[in-house]
Amino acid sequence: MTSLADFLSVHRDALVERFKARVEQTLAPRGLSSSELEDHLPDFLEAVTEAIRDDAWPPARVFAHDATAEQHGRQRLRVGFDLDALTREYGLLRDCIFELLEEQGVMPSLRELRILSDCVSAATADSVTQYVAYSQGRQREGEERLQAIIDNAPAAIYVTDVEGRCLVANRRLESIFGLSKEAILGRTDYERLPKEVADVTRGNDRRVLAENRPLQVEEVIPQADGLHTYISLKFPLHDAEGRPNAVGGISTDITERIQAQQALRETQQRLRTVLSHLPVILWAIDARGVVTLMEGKGVERAGLKADTFVGQSLFELFQGMSWVVTNVRRALAGEEFVAEEEGEGRWFEVHYIPHRSAAGVVEGAMGLTLDVTERKRTQDFQQRLLGIVGHDIRNPISAISLSAVTLLKQEGLPQGYLRPLQRIASSADRIEKLVATLLDFTRVQFGQPLPLQYERVVLGTLAEQVCDEVRGASPRARVELTVTGDTRGAWDPGRLMQVMGNLLTNALRHGQPEAPVRVSCQGEEGAVTFEVHNEGAPIPEAVQAQLFKPFRGGEQARAHAREGLGLGLYIVREIVTAHGGTVTFESTAERGTTFTVRLPREPVAGA
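Residues numbered from 1 in each chain as written. Predicted model: local features only at pLDDT ≥ 70, side-chain atom pairs only at ≥ 80, totals over all residues. Heavy atoms only, no water.

**Description of the packing of helix α20 (residues 493–510) against helix α23 (residues 568–578)**
Now for step 1: Here α20 crosses α23 at 145 degrees, and the two axes come no closer than 9 Å. Where α20 crosses over α23, the two elements pack in a sense that is left-handed. Contacts between α20 and α23 pair R495, Q498, V499, N502, L503 and N506 from the former with G568, L569, I571, V572, I575 and V576 from the latter.
Now for step 2: For the contact of α20 with α23, the residue count by class is seven nonpolar, four polar and one charged. (Axes fitted to C-alpha atoms, helices over the stretch in contact; angles between N-to-C directions. Helix = DSSP H or I, 4+ residues; strand = E, 2+ residues; numbered from the N terminus. Left-handed = near helix turned anticlockwise from the far one by under 90°. Contact = heavy atoms within 4.5 Å. Nonpolar A, V, L, I, M, F, W, Y, C, P; charged D, E, K, R; others polar.)

In structure tokens:
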């Protein structure tokens, strides 16, 4: 008689292949590899063979807690065997052994068969025990991992039963109510919320259970720092028969979003209120040129209706105005600019601004349209006035001045005519200067540069001429001039004499009559400085801030209004700035008043 141990040793590989084929057909999940099906079976057969050969008895006591069987139980859980399949596969192995014994005509002893059967039973018990323990461990790990996930979620996550008792809660829910998890679990909303609030939350839960479908609602929950608004997604959980027996919920705090939306709505309303009172048009278009926004009082003033524009294409609305279409295309191409456009007798200043996405792609354009018709008319009037002042008034004044000077040069002029002719010549000269000042002021207001004629001149020489002219016009005036250093440079001599004359005249007018006015020219490296100083009361602080503004001469200027327009210092600053220079002043009771002009020796680009 062949021993069972020898039989198992000889036919081990055949038994393994038969077992693998049978398990794959009847018990194993699909897609397992040959090695996964085999697992620790050869080692198990080797251990059984040794137990039979050693005549171990009782074998279950010797074979119990075999490491091979325990590892097999964990492996079967990992690859997807259920517990029933694990239990049956050891019986399947025993069947494979009996079948092969029968085919080979081998009849083992009863004792050998009992040892084999006890080894299979012990291995089954060990594998099942390890399978269950490993499965429970994985389940605990999964539960702990799930709890860690929901605890670290920014939203409140919870589960309540049909009675409203809380079954699951995360840390966020604890922080909302200021309670520990133990104080929340097993309790209802009525035990932690005001009744009117709990009525709402429980009503939403009952609706989920009754309708057996998810529900998204806003719920307002009182907290320690005030009311908070939550967007809550509630959904049914089902028992084994598919009946809803609990409610799961995820609640996200949207209080800040609600407040931001409210602030945005208030800002938009304020903007609409402002726009409704301003003569402007605020508009926006998408990438196709379709109007998405048009608001502002300017819509009504322009005789338009916003609702006829929104949703319409500007390319179609203005297809007869090629310049408008061209400007819209420029803005959609990414160009930002300002254009003047005329339509139906009115002029508009249109600011085009491309609208770009976060990636920098132009998604449309927006803009502001101002009705500048009245400004345009005013500018046209000013231009005509400038022409009148510059030509139609200046020419007659020049003729009067020339005639008066000519008559004064004639010999034998009656004594009674001399003084009137001198007054005529002096008045004509003064009017000529006022007209020149008005022309300069108007040019600057129109944004035009002051005309400059650069020459190579000596500033000290120009200062001597101006001082001589002032002394001749005012014999009692005391003017002292000091020139030091190299004062040569490239400037407009007529304009600089105008600057010197204005500053010197102001100094004589506002200084102490008995004190001299001191004028100095000083050459420096790359620049020349011109100063005019007078003694006397300082310029009031309230006047100093407005000193270089047009028509802002203060009380002193108003006292001498008959002698000028209040534009002298304004024109001084514009002339000096046009040369690329600066003009400053200092005025105190102790040191008097000093105006300082600093000019670069050569013309400055862009000045």
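**Overview of the nonpolar core**
Now for step 1: Counting 39 residues, the largest nonpolar core has L459, L503, L504, V519, F530, V532 and V597 as the members making the most contacts within it.
Now for step 2: When residues no more than four places from it in sequence are discounted, the contact partners of L459 are T487, W491, L496, M500, C521, V528 and F530.
Now for step 3: Grouped together as the second largest cluster of nonpolar side chains are 35 residues, A28, L37, F44 and V120 included. (Core = buried A, V, L, I, M, F, W, Y, C linked by side-chain atoms within 4.5 Å. Buried < 20%, exposed > 50% of the residue type's maximum accessible area, 1.4 Å probe, protein only.)

**A look at helix α7 (residues 83–104)**
Now for step 1: With 22 residues, α7 should reach 32 Å at 1.5 Å per residue; the first-to-last C-alpha distance of 33 Å fits that figure.
Now for step 2: A85, L86, E89, Y90, L92, L93, C96, I97, L100 and L101 are the residues of α7 that are buried.
Now for step 3: Buried positions along α7 lie against α1 (4–10), α2 (12–26), α4 (41–53), α6 (67–79) and α8 (110–151).
Now for step 4: Of the residues flanking the end of α7, it is G105, one or two places downstream, whose phi is positive at about 70 degrees. (Expected span 1.5 Å × (residues − 1).)

**Structural notes on the state of the cysteines**
Now for step 1: All chains considered together, the criterion is met by zero disulfides.
Now for step 2: With no disulfide of its own, C467 has C521 as its nearest cysteine by sulfur position, at a separation of 8.0 Å.
Now for step 3: Judged by relative accessible area, which is 2%, C467 ranks as buried. (Disulfide = S-S within 2.5 Å.)

**A short note on the packing of aromatic side chains**
Now for step 1: Summed over all chains, the structure comprises seven aromatic pairs.
Now for step 2: Seen from their ring centres, F548 and F595 are 6.4 Å apart, and the 80 degrees between their planes marks the pair as edge-to-face. With F548 in the loop between α21 (541–544) and α22 (554–559) and F595 in strand β17 (residues 592–600), this residue pair connects regions lying 47 residues apart in the sequence. In terms of burial, F548 and F595 fall into one category: buried.
Now for step 3: When the ring centre of F177 is taken as origin, the NZ or CZ atom of R192, which lies over that ring, is 5.1 Å away.
Now for step 4: Across the ring face of F315, the terminal group of R329 is positioned such that the distance to the ring centre comes to 4.4 Å. (Phe/Tyr/Trp six-rings, centres within 6.5 Å; stacked < 30°, edge-to-face > 60°. Lys NZ or Arg CZ within 6 Å of the ring centre and 35° of its normal.)

**Things to note about the environment of L193**
Now for step 1: Counting through the fold element by element, L193 comes out in the loop between α10 (181–184) and α11 (195–211).
Now for step 2: The spatial distance from the C-alpha of L193 to the C-alpha of P222 is 7.9 Å, given a sequence separation of 29 residues.

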